[in-house]
Amino acid sequence: MRIAKVEPITTARSLRGPFDYLLGAGEEWGGVDTGSLLIVPFARRKILGVVTAVAGDSELPAERLAEPLEVLEASTTPELIELGEWIAERYCSARSRGIALALPPGAGTGSRARMARTRTEVRAAITDAGAEALAEAARLGSRQRAVLEALADEKECSGPELAESAGADSTVLRRLAERGLIERRKAPVRRRPELPAVGDVAAVSELSAAQRGAVASVVGALDGESPREQLLWGVTGSGKTEVYLAAIEATLERGRSAILLVPEIGLTPQTLARVVARLGDRAAVLHSGLSEGERYDEWTRLRTGEARVCVGPRSAVFAPVGELGLIVVDEEHDSSYKQEGDPRYDARAVARRRARSAGAVYLAGSATPRPESWSELDRLELRERVDARPMPRVSVLDMREVSPKAGPLHPGVRDALSALEPPEKAIVMLNRRGYAPHLSCSVCGETVGCPHCDVSLVLHRAGDRMSCHHCGYGEPIPRECAECGSVALARYGAGTERIESLIRGLVDPLPVLRLDADAASRKGAHGELLRRFGEADGGVLVGTQMVAKGHDFADVVLSVLLDADSTLRYPDFRAEERTFALVSQLGGRSGRGRRPGRVMVQTLAPDAGPIAAAAGHDTPGFLEAELGRRQGFGYPPFASLIAIELAAPEEPPLAAAAERVAAEVEPLIEAAADTELLGPAPRFRRRGRFRRRLLIKTTAPETVRTAIAEVVEKLGAERSLQGIALAVDVDPQ
Ligand code: ADP
Ligand code: ZN
Ligand code: ZN
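Counting from 1, residues in each chain are numbered in the order their sequence is written. Labels follow written order: the first chain is A, the first ligand is 1, and so on. The predicted origin of the model limits local features to residues at a pLDDT of at least 70 and limits the giving and counting of side-chain atom pairs to 80 or more, whereas totals for whole chains, interfaces and linings rest on all residues. As a rule here, side-chain values come from all non-hydrogen atoms in the structure, and water together with hydrogens is ignored.

Asks: Please explain a negative patch on the surface as it appears in this structure.
Replies: Among the surface-exposed residues, Asp128, Glu132, Glu136 and Glu183 lie close enough to one another that they form a single negatively charged patch. Accessibility here uses a 1.4 Å probe with only protein chains present; expressed as a share of the type maximum, an area under 20% marks a residue as buried, one over 50% as exposed, and anything in between as partly exposed. Judged by its relative accessible area of 47%, Glu132 falls in the partly exposed class. Here a patch means residues that are over 30% exposed by relative accessible area and free of salt bridges, tied together within 9 Å if like-charged and within 5 Å if nonpolar (Val, Leu, Ile, Met, Phe, Trp, Tyr). The accessible surface values rely on the Shrake-Rupley method and a 1.4 Å probe; as for residues, cover is taken only from the protein chains in view. The term salt bridge refers to a pairing of a side-chain nitrogen on Lys or Arg with a carboxyl oxygen on Asp or Glu at a separation within 4 Å. Here the positive residues are Lys and Arg and the negative ones are Asp and Glu; neither His nor the chain ends is included. The location of each charge is read from NZ of Lys, CZ of Arg, CG of Asp or CD of Glu.

Asks: Just checking my understanding: could you explain the site of ligand 1 for this structure?
Replies: With respect to spatial proximity, 17 residues lie near ligand 1, and among them Glu206, Gln211, Gly237, Lys240 and Asp552 are the closest. Residue Gln211 places a side-chain N or O atom 2.8 Å away from a nitrogen atom belonging to ligand 1. Arg274 is positioned such that a nitrogen or oxygen atom in its side chain is 3.1 Å from an oxygen atom of ligand 1. Considering ligand 1 on its own, with 560 Å² of exposed area, one finds that the protein chains cover 79% of that surface. All amino acids are sorted into three groups, where Ala, Val, Leu, Ile, Met, Phe, Trp, Tyr, Cys and Pro are nonpolar, Asp, Glu, Lys and Arg are charged, and the leftover types, Gly among them, are polar. Along the lines of polarity and charge, the residues of the shell around ligand 1 split into four nonpolar, seven polar and six charged. Nearness is defined per residue: one heavy atom within 4 Å of the molecule or strand is enough. By the criterion applied in these results, polar contacts are pairs of N or O atoms within 3.5 Å in which, for protein atoms, one can donate a hydrogen and the other can accept it, and in which residues neighboring in sequence qualify only through two side-chain atoms.

Asks: I tried to follow the pattern of salt bridges on my own but got confused; where do I start?
Replies: Pairs can form between side chains of opposite charge once their charged atoms are near each other. Summed over the entire model, instances satisfying the criterion amount to 59 salt bridges. One salt bridge in this structure joins Arg123 and Glu156, with 2.9 Å as the shortest N-O distance. Linking Arg123 in strand S6 (residues 119-126) with Glu156 in strand S7 (residues 156-158), this pair joins segments that are 33 residues apart in sequence. When its relative accessible area of 14% is taken as the criterion, Arg123 is described as buried. Assessed through its relative accessible area of 22%, Glu156 is described here as partly exposed. Close ionic contact of Glu381 with Arg379 constitutes a salt bridge, the shortest N to O distance being 3.3 Å. The exposure class assigned to Glu381 is partly exposed, which follows from its relative accessible area of 31%. Assessed through its relative accessible area of 33%, Arg379 is described here as partly exposed. In the salt-bridge network here, residues are joined through shared partners; they are Glu372, Arg574, Glu576, Glu577, Glu626, Arg629 and Arg630. Only DSSP runs of H or I covering at least 4 residues are called helices, and only runs of E covering at least 2 are called strands; the numbering of each starts at the N terminus.

Asks: What exactly am I supposed to notice about the packing of helix H13 (residues 411-418) against helix H14 (residues 496-507) here?
Replies: For any two helices packed against each other, the geometry comes down to the angle between their axes and how far apart the axes lie. Running from amino to carboxyl end, H13 crosses H14 at an angle of 55 degrees, the nearest separation of the two axes being 8 Å. One way to sum up the angle between H13 and H14 is to call them oblique. Handedness of the crossing formed by H13 with H14: right-handed. The segment H13 lies against H14, with Arg414, Leu417 and Ser418 engaging Ile503, Leu506 and Val507. The class makeup of the residues in the contact of H13 with H14 is four nonpolar, one polar and one charged. Helix axes are fitted to C-alpha atoms over the stretch in contact, other axes to C-alpha atoms as well, and angles between N-to-C directions run from 0 to 180 degrees. Angle categories are assigned with fixed cut-offs, so that under 35 degrees is roughly parallel, over 145 is roughly antiparallel, 65 to 115 is roughly perpendicular, and the rest are oblique. By definition, turning the near helix anticlockwise from the far helix through less than a right angle yields a left-handed crossing, and turning it clockwise yields a right-handed one. By the convention used here, residues are in contact when the closest approach between their heavy atoms is within 4.5 Å.

Asks: Just to check I follow, could you spell out the environment of Cys468 for this structure?
Replies: One can find Cys468 in the loop between strand S20 (465-467) and strand S21 (474-476). Sequence spacing of Cys468 and Cys453 is 15 residues, and the spatial spacing of their C-alpha atoms is 8.1 Å. With sequence-adjacent residues up to four places away left out, Cys468 is seen in contact with Cys450, Cys453, Val455, Leu457 and Tyr473.

Asks: Looking at this structure, I do not really get the coordination of the zinc ion (ligand 2). What am I missing?
Replies: Ideal donor angles around a metal are set by the shape: a four-donor tetrahedron calls for 109.5 degrees, a six-donor octahedron for 90 or 180 degrees. The protein atoms donating to the zinc ion (ligand 2) are Cys441 (SG), Cys444 (SG), Cys481 (SG) and Cys484 (SG), with metal-donor distances spanning 2.3 to 2.4 Å. Each of the four donor atoms around the zinc ion (ligand 2) contributes to a set of angles spanning 104 to 115 degrees, which defines the coordination as tetrahedral. Here a donor is any nitrogen, oxygen or sulfur atom (N, O, S) within 2.8 Å of the metal, with 3.2 Å used for Na, K and Ca; water is not among the atoms considered, so some sites may look incomplete. All donors to the zinc ion (ligand 2) come from one chain, and their sequence spacing reads C-x2-C-x36-C-x2-C. Residue Cys441 is found in strand S18 (residues 438-441), and its partner Cys484 is found in the loop between S21 and strand S22 (489-492); the two are separated by 43 residues along the sequence. Exposure remark for Cys441: the relative accessible area of 4% places this residue in the buried category. Think of it this way: with four donors and all angles in the 85 to 135 degree range, the site is tetrahedral; with four or six donors, opposite ones beyond 155 degrees and the rest between 65 and 115, it is square planar or octahedral; otherwise it is irregular.

Asks: Teacher, can you tell me more about the coordination of the zinc ion (ligand 3) here?
Replies: In this structure, Cys450 (SG), Cys453 (SG), Cys468 (SG) and Cys471 (SG) serve as the protein donors to the zinc ion (ligand 3), at separations of 2.2 to 2.3 Å. One can describe the donor arrangement at the zinc ion (ligand 3) as tetrahedral, given that its four donor atoms subtend angles of 105 to 113 degrees at the metal. What makes Cys453 buried here is its relative accessible area of 2%.

Asks: So what exactly am I meant to see when it comes to H13 here?
Replies: Three or four residues apart is the spacing at which side chains of an α-helix point the same way, because the helix has 3.6 residues per turn. The complete set of buried residues in H13 reads Val413, Ala416 and Leu417. All buried residues of H13 fall inside an arc of 95 degrees around its axis, so they share one side. In this structure, the buried residues of H13 make contact with strand S16 (393-398), strand S17 (425-429), H14, strand S24 (539-543), strand S25 (556-561) and strand S26 (598-603). Taken from the helix axis, the directions to the C-beta atoms give the arc we talk about.

Asks: Explain the side chain of Arg348 to me, please; I cannot follow it from the model alone.
Replies: Assignment of secondary structure puts Arg348 in helix H11 (residues 347-358). What makes Arg348 buried here is its relative accessible area of 2%. Among the polar contacts listed, one links the side chain of Arg348 to the backbone oxygen of Asp334, at a separation of 3.3 Å.

No statement about biological role is implied by the geometric values presented.
Written out as structure tokens, the structure reads:
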């Protein structure tokens, strides 16, 4: 007797498998194994489930077990199911939600209708008789001959291809098939993702000595001769990508596969294009910009082993590759590796876990690594830029000395921008989109705010609207104060739109392009903007964080960061690390070609540690100091953080629920070593919901996670959290 243990894939937390199904004598069940996807009957419905194990018996008598209804074409692997189960536990999520991450595209929703399938088309191939007929110059019509000739060269063609190359219509093909000269059969067609064209992606002729050293170390790890978890710390422009590519090649040579994780895909069309250009069809890409069909086909190519390298953002860590040898995490400091929805997994931690269980190498790379990685991983260094190009000179400009009336740009920055000559380019970053972040009444001081969130609305010139960056709410720009009726409404501060128009005035006629979430909202617009900037003969790229990431433009001689301390003002222990990374990364875009670069940083806090360290290109100094600070406060990597977040439309029940959760958790974690419960603390209202947050700092994260899972289950069963949304965030960012 074969019993399939099936986990139903649903978004309902309460339904907990696995459930047993009988695999009877039917032929269709012969291939069912761990990882198979089944449609099963369940309480008079048909649902999608995944086989998590196949057993020889069940606790239920055979006659009470149902048979599945159908096996789907796609399946996942035991390794990935195990990884999904680990995630569910590690991130305090439901088992089915963890496992859903391991499934083929579309399956995780539990809806079969959403799942893509392989697309097929009829293709023609020449038969032996056909080849003979061609060789013996048998009697053939001219179009028939053309078809056979095309097929002799091409092996296999579709109808439309033959219409194009040989002018064949369906009658010609039918005749040939009737005479046995060609055969026609259904074959899968690959829906091939389009890659953005982003200029030169040629291979470098020779790796530098430092690059060779780094590659050798990764290869040593592959061969079991050096530690399997490594950090590639390489300054911006030091050629880290070439190291990844060489390491991936070495992995493939050893018959193993590789995964290359990159930050949120829209942000690095260049990296993606470069990798695929080098690895060709051995690589598959997986990201949210693909159509459902493209994603399904790429996933399937990985699953069957046709592609051995997967490139993509965080979810690519679940690529269904076998014989995994290497996982690379590029720009490992990037916060997009953390998933925001349930399960709130961190792709870096998942990658490490997956590599460890597969005996694979984990390689994290960055110019500005996280303190955690700096202290935990074996370190490889690329201390110089390629061709010994100098690091850019950084000047820190003190905005306290500039009158606010003079506008948001420092005179030094205005001069430097005005002096740009083609083909020189500049990148200017300000982490705030829109025209002005506040609109306030000069008489009563009232600020125009969002009705659903405790934030001010941002004025956008494009579209003439006030809009909320947290919930998307928008309204027309008011003419008078809603509070006192005064028409004296004043704009405060500057966003990217305003900076763009100011800079236009300074650099005219050089082009000024803006790159932010508004400008890049249309599909493909992001790559298109970068391509235009790359091809322009001089000009300025203005934008949010999006301009600081991973681009490589040779003519950029100046990088400007406005309001550099804005990230420092966040009440978050990662504020220092983020600020340091931002200043360094933006600086890293400058001076990558033959022209030396310079960086200007505008700030109200010129002496702040992260800004001073980034200006001095002192990554080790910053990280050592930061690790010291974190040790003092008991922050990661010296302790783990786990947050419990509650949200509700009404405040009093929310406050009561938060107190209740705290009271339940407290006694359970009392015994855990070095554990501290902070809060519940209110957070700002968002999307019409009040919020509270509890934070637990601990050196015994497993004990705490178990305790939290217990409390969540108990309160859920008691229904005492009715109407309150509760989320657990392990390792919050
Ligand atoms: P990083 O990721 O460290 O910022 P990249 O990998 O983008 O750096 O490399 C920066 C530039 O240097 C790229 O244009 C790349 O093609 C070039 N490059 C990398 N390695 C070499 C090399 N060994 N010789 C010449 N050029 C190189
Ligand atoms: Zn007013
Ligand atoms: Zn809002």
